Amino acid sequence: MPEAKNRTPSDAADPRPLHERIATDLRRAILVGDLPAGESIPSTGQLKERFGASSASVQKAVSMLKDEGLLQGRAGSSVKALEVRRQTMTPAAYSQPAEDGQPYRWLSEAERNGRRPSIRLLEVTETTPPADVRAAMDLEPDGKAVLRKQLLSLQGEPCELVHSYYPLELASGTPLEGKAKIKGGSPTLLASLGFPPLHTVDHVTAEEATNEEYEALRLPRQVAILRTFRVVHSTDDRVIEVTTMAKAGHLYSLRYDF
């Protein structure tokens, strides 16, 4: 029980295990640039004094950040910050239809930024969506929609798990219910069907990952994910798509310009 002897005043307000709190402070310092790539983190002794922690708690925190790809180094030598891997996603850059003959804007935008993108279509099915999706689509409790589930990757690493739902009357007989990827992406197809995306509302939250998200995104542990709940409207404010997107919170950020 070494930690009980060294409890700090903040312990009562922060019930998290001490190693998680140490990792959180170091992670933030790395991501905002206070600990730039190649710089050593504070020594074990300094961290023990700062947090009132044991060596075991410090080492456990360091191990967590190594698993996340933020630190490197061996026991007995200095542990250094790695180059920040967090990447910024800009939804406005790829939410509109692609130009004639061009790929989905998410792909071309990633390539423009020097990234190697890919999309894997995991599932296409008719299903009863979750309650929040049903509410956005004004469906009955047993209402159905077409689900297209995809895994987006950058540089060969999974970055986003996407569940997109489409009204049955809109998707029926179109490539939306087909088992192939859609050339130009769904915004392009929807526009060609007479339902251009005119108004998009994103609701972004930080949440714990589900089992599906944890496995698909290859999360190193129970890190927070950024969950975007997107409702896309067309002419007469008709909802033509509801999408949920999950990204690893320690690797990606979202940028919106106003």
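The rules we used
- Residues numbered from 1 in each chain as written.
- Predicted model: local features only at pLDDT ≥ 70, side-chain atom pairs only at ≥ 80, totals over all residues.
- Heavy atoms only, no water.
- Pairing = 2+ DSSP bridges.
- Helix = DSSP H or I, 4+ residues; strand = E, 2+ residues; numbered from the N terminus.
- Axes fitted to C-alpha atoms, helices over the stretch in contact; angles between N-to-C directions.
- Contact = heavy atoms within 4.5 Å.
- 1 Å grid on protein atoms, 1.4 Å probe; cavity = no way out; pocket = protein on both sides within 12 Å on 5 of 7 lines; lining within 4 Å.
- Points joined across faces, edges and corners; volume = space filled by probe spheres on them.
- Salt bridge = Lys/Arg side-chain N within 4 Å of Asp/Glu carboxyl O.
- Core = buried A, V, L, I, M, F, W, Y, C linked by side-chain atoms within 4.5 Å.
- Buried < 20%, exposed > 50% of the residue type's maximum accessible area, 1.4 Å probe, protein only.
- Parallel < 35°, antiparallel > 145°, perpendicular 65-115°, else oblique.
- Left-handed = near helix turned anticlockwise from the far one by under 90°.
- Nonpolar A, V, L, I, M, F, W, Y, C, P; charged D, E, K, R; others polar.

Participant: In this structure, what is going on with the sheet that holds strand β5 (residues 145–154)? I would like to understand it.
Facilitator: Sheet strands associate in pairs through backbone hydrogen bonding, adopting either a parallel or an antiparallel arrangement. Reading across the sheet, the six strands line up as β4-β5-β6-β9-β8-β7 and stay open at both edges, with antiparallel pairing between neighbours. Taken across any chain shown, the strands that pair with only one partner, and hence form the sheet edges, are β4 (117–127) and β7 (199–208). Averaged over all pairs of adjacent strands, the angle between their axes in this sheet comes to 15 degrees, without regard to strand direction. With five bridges connecting them, strand β6 (residues 157–167) and strand β9 (residues 239–248) associate as antiparallel partners. Looking across to β9, one finds that valine 162 is bridged to methionine 245. Its contacts with the sheet put helix α4 (residues 105–112) on β4, β5 and β6, and the angle it makes with β4 is roughly 160 degrees.

Participant: Looking at this structure, how should I read the layout of surface pockets?
Facilitator: Picture a little ball the size of a water molecule; that probe, rolled over the atoms, points out where space is still empty. By volume, the second largest pocket amounts to about 500 Å³. Taken together, the elements giving at least two residues each to the lining of the second largest pocket come down to β4, β5, β6, α7 (185–192), β8 (224–233) and β9.

Participant: Explain the pattern of salt bridges to me, please; I cannot follow it from the model alone.
Facilitator: Once the charged atoms of two side chains with opposite charge are near each other, the side chains can pair. Applying the stated criterion across every chain, the model contains eleven salt bridges. One salt bridge connects glutamate 109 with arginine 112, and the closest N-O pair in it is separated by 2.8 Å. Remark: arginine 112 and glutamate 109 occur in helix α4; sequence separation between them is three residues, near one turn of the helix. Residue arginine 238 is joined to glutamate 169 by a salt bridge in which the shortest nitrogen-to-oxygen separation is 3.5 Å. Remark: glutamate 169 occurs in helix α6 (residues 168–171) and arginine 238 occurs in the loop between β8 and β9; sequence separation between them is 69 residues.

Participant: So what exactly am I meant to see when it comes to the nonpolar core here?
Facilitator: As a rule of thumb, soluble globular proteins bury nonpolar side chains together. Ranked by internal contacts, the top residues of the largest apolar core, which has 22 residues, are Trp106, Leu217 and Leu219. When contributions to this core are tallied by element, the ones reaching two or more residues are α4, β5, β6 and β9. If we skip the residues at most four places from it in the chain, leucine 217 touches Leu151, Pro158, Cys159, Glu160, Leu161, Ile225, Ala246, Lys247 and Ala248. One finds Ala23, Leu31, Ala61 and Met64 within the second-largest nonpolar core, a separate group that totals 21 residues.

Participant: I'm lost on the packing of helix α1 (residues 18–32) against helix α2 (residues 44–51) in this one. Help?
Facilitator: A pair of packed helices is captured by two measures, namely the crossing angle of their axes and the spacing between those axes. In the contact formed by α1 and α2, the axes pass within 11 Å of each other and the chain directions differ by 110 degrees. What the angle tells us is that α1 and α2 run roughly perpendicular. For the pair α1 and α2, the crossing hand works out as right-handed. Here Leu18, Arg21, Ile22, Asp25 and Leu26 of α1 lie close against α2, whose contacting residues are Leu47, Arg50 and Phe51.

Participant: Please explain the environment of threonine 24 as it appears in this structure.
Facilitator: You can see threonine 24 is positioned in helix α1. For the pair formed by threonine 24 and alanine 61, sequence separation is 37 residues and the distance between their alpha carbons is 8.5 Å.

Participant: Could you clarify how one ought to interpret the packing of α1 against helix α3 (residues 55–67) in this entry?
Facilitator: Between α1 and α3, the shortest axis-to-axis distance is 8 Å and the interhelical angle comes to 50 degrees. With respect to α3, the axis of α1 lies oblique. The handedness of the crossing between α1 and α3 comes out as right-handed. Residue-level inspection shows Leu18, His19, Glu20, Ile22, Ala23, Leu26 and Arg27 of α1 in contact with α3, the latter providing Ser57, Val58, Lys60, Ala61, Met64 and Leu65. Its residues placed into classes, the contact of α1 with α3 shows eight nonpolar, two polar and three charged.

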